Each structure stands twice: as structure tokens, then as C-alpha cells.
Amino acid sequence: MFKKIALVGIGLIGSSLARVARRENLARHIAISTRSRATLERAEELDLGDSYSLDPKEAVEGADLVIVSVPVGASGAVAEEIAPALKKGAILTDVGSTKASVIAQMQPFVPEGVHFIPGHPLAGTEKSGPDAGFADLFRNRWCIFTPLPDTDPDALEKLSEFWRRCGSNIDTMDPQHHDMTLAIVSHLPHIIAYNIVGTADDLESVTKTEVIKYSASGFRDFTRLAASDPTMWRDVCLHNRDAILEMLARFSEDLASLQRAIRWGDGEKLFDLFTRTRAIRRSIIEAGQEIDAPDFGRQAVDHPAKT
Ligand code: NAP
């Protein structure tokens, strides 16, 4: 599809893209650039690309497609650095979890004739770095584009086709709507998980050993989210502040109402809510975004050989 793809940032997302692009033969040349020598050397050991450089300008030179996969707070600085080396007609995209802020940071540096199309694959794990990536990460997951008013439709279609070949389904929406939607489906759940795990860590009446020993009763499922990359999630909180604060306000109101129902023994209210929420999980399974295996599919995924 492309003569040369440049991947700036080669962590979980960048390395998954490198792997799937190679497997699906999406580029003749994959150029990799990252900030630290250690990560670059690891990417080379893993044979993720065709050329490696600590200088992102060198990597993007002559590239038809440039994908920036760094924490959202670093996207402006990266755009500024690579801008002079971008080829006319190239597609420049990103994978950042927040969109309005990334656009505000990157767009001012995008040279005339370069197609900047902000994107966000809704696929990830709690792991980071080049070892964490895998080629199937994007399979049957959504990739959302937030095109700008002057986005070239041909460039958008070409980028959409690239992501389709990576296994994704494509959607487009405006950046504000993206940020509001992601605040509830992704950012708030992570914040709640960080909070509950932090609360457990601070407890004095229940020991840490007990929290860990009996974690399978529910706590464990929060710890997966709460193990996510601290830099990435710090940046998400700082760069989607308004939408997250709005969702947190709603969440706190609903929590207060739940608290009241528990205090006043309002079993009907509790039962109604728990019934409504159960149906949501069913819809998620039906939409193919989760599997209906016992134990959230953990046995099947983590211990496939176990009988
Ligand atoms: P990651 O595994 O931690 O990798 C981050 C990459 O960015 C590494 O190559 C790192 O370089 C580089 N980097 C870190 N800080 C930088 C800085 N200040 N300036 C320049 N480069 C820097 O992260 P990831 O999970 O792939 O996330 C990358 C992007 O994808 C983020 O914007 C995130 O919001 C988005 N995203 C993540 C997920 C997810 O679940 N993880 C899902 C969808 C979208 P060094 O290692 O060389 O320092």
C-alpha cells in the first residue's frame, strides 16, 4: 500500500503496527524511530522494521505514511521536530487517546501539502514497550478518525484502507465527540480503577496480603486497568480534562444516589440498576467486543493448554 511507512514511537501501539504492517505486506519499507537508544535497540532485536533511527526527521524522510505513536502530551513536540522533513503528499496520522488536544498541538506544525488525519485505534492492553505489541491487536477493534474540515477524502480513504488491512473497523467523528465518548468508555473506567486500587493500597483495617489473596472476588479485574502505563494515563487525564471532569461529576452524582439506596435499604433501586447494567454486558458480547467465557475468558486466553 505504501512505499515507506515511518513509525515514530515503537511501544505497544507502534510495534503492533510494525508487526501487522509487515505480516500484511502493507509497506516496502518500515522506518522506526524512538526517543531512547534502549527502545530502539530492542525494536531492532525484535526485527520490527527495515531501518532504525533516533532522529525522527531521518525516519520520516520520503515516507508516504507517518504514524506518531507517543504519549499525547509529547505529540506537539514530535510534530514540530518532524515537520521540516515531511514529504509533500504524505499522510501524517497519530494514535493518541485524546483528539482535540492532539489536533491543537500538532496541526500548527503540519506543512502545506501534508495530509494530517488524526486517529485513535480503540485497542490496547495494560502493557507497554516494543515487546508488548502483537500483530492481532487491532483485529475486530474500532479505529476512529477525527478528520479536519479540509481533510482530503482520498487520503482519508487510503488511511482507512490501511487500518482495515490491520484488522480494524473504521468510524469517523468530530474530535469533541470522540473525547466525550472516550471519557466514559475508557478514561473514566481507568480513573475508577486507579482510584479503587489506590484506596485498597491505603487501607489499614484489611491487610495488603488479604487484598491480594482474595482478589479474585472482583478487585483483580480493576488491577488490570490500574496497571496501565502511568505516563500515558497522566497525559490522557491532563489532555482530556474537561470531558473527564464532566463524566466524573455525573459519576459522583450517580454514586451518591447508589450510596443513598444502600443506606436506606432501597433494594428495588439496587436490583433495577444491577439488572439494567447486566444487559449492557450482554450487548458488548453480542457486538463481538468481548467473549462470553467464564472468568472473563482468562483461562482460555492465558492458559490455552489447560484442560
Ligand atoms: P508505550 O508502549 O509506552 O510507547 C511509547 C512510545 O513513545 C515509545 O516509543 C517511547 O519512546 C515514546 N515516547 C515516550 N515519551 C516520549 C516523549 N516525551 N517524546 C517522544 N517520544 C516519547 O505507549 P503506547 O501504549 O504505544 O501508547 C502510544 C500512544 O497510543 C499514546 O498516545 C496512547 O494514548 C495511544 N493509545 C494507547 C493505547 C493503549 O492501550 N496502550 C490504546 C490506544 C491508543 P522510548 O521508549 O524510546 O522512550
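The sections below set out a description of the structure shown in this document. (Residues numbered from 1 in each chain as written. Predicted model: local features only at pLDDT ≥ 70, side-chain atom pairs only at ≥ 80, totals over all residues. Heavy atoms only, no water.)

Comments concerning the packing of aromatic side chains
Phase 1: Under the definition given, this model contains three aromatic pairs.
Phase 2: When the centroid spacing of 6.0 Å and the interplanar angle of 85° are considered together, the rings of F162 and W163 count as edge-to-face.
Phase 3: We classify F162 as buried; its relative accessible area is 1%.
Phase 4: Residue class for W163 comes out buried when judged on its relative accessible area of 1%.
Phase 5: Taken together, the aromatic side chains of F2, F138, F162 and W163 make up a single cluster linked through ring pairs.
Phase 6: Taking the ring centre of F2 as reference, the NZ or CZ of K158 above it sits at 4.5 Å. (Phe/Tyr/Trp six-rings, centres within 6.5 Å; stacked < 30°, edge-to-face > 60°. Buried < 20%, exposed > 50% of the residue type's maximum accessible area, 1.4 Å probe, protein only. Lys NZ or Arg CZ within 6 Å of the ring centre and 35° of its normal.)

Some remarks on helix α4 (residues 75–82)
Phase 1: Inspection of α4 places S75, G76, V78, A79 and I82 among the buried residues, and these make up the whole buried set. The arc that holds every buried residue of α4, seen down its axis, measures 165°, which confines them to one face.
Phase 2: Tucked into the core, α4 has its buried residues touching β1 (2–8), α3 (56–60), β4 (65–68), β5 (91–94) and α5 (100–106). (Helix = DSSP H or I, 4+ residues; strand = E, 2+ residues; numbered from the N terminus. Arc of directions from axis to C-beta. Contact = heavy atoms within 4.5 Å.)

Things to note about the site of the ligand
Phase 1: In the vicinity of the ligand there are 25 residues, among which T34, S36, T39, V70 and S97 approach most closely.
Phase 2: V70 is positioned with one of its backbone polar atoms (N or O) 2.6 Å from an oxygen atom of the ligand.
Phase 3: Contact between the ligand and G129: an oxygen atom at 2.8 Å from a main-chain N or O atom of the residue.
Phase 4: For the ligand, the accessible surface in isolation is 900 Å², of which the surrounding protein chains cover 84%.
Phase 5: Among the secondary structure elements, those contributing two or more residues to the shell around the ligand are α1 (12–23) and β7 (119–121).
Phase 6: Class assignment of the residues belonging to the shell around the ligand gives a composition of eleven nonpolar, 13 polar and one charged. (Near = heavy atom within 4 Å. Polar contact = N/O pair within 3.5 Å; in protein donor to acceptor, adjacent residues only side chain to side chain. Areas by Shrake-Rupley, 256 points an atom, 1.4 Å probe, with all protein chains shown as cover. Nonpolar A, V, L, I, M, F, W, Y, C, P; charged D, E, K, R; others polar.)

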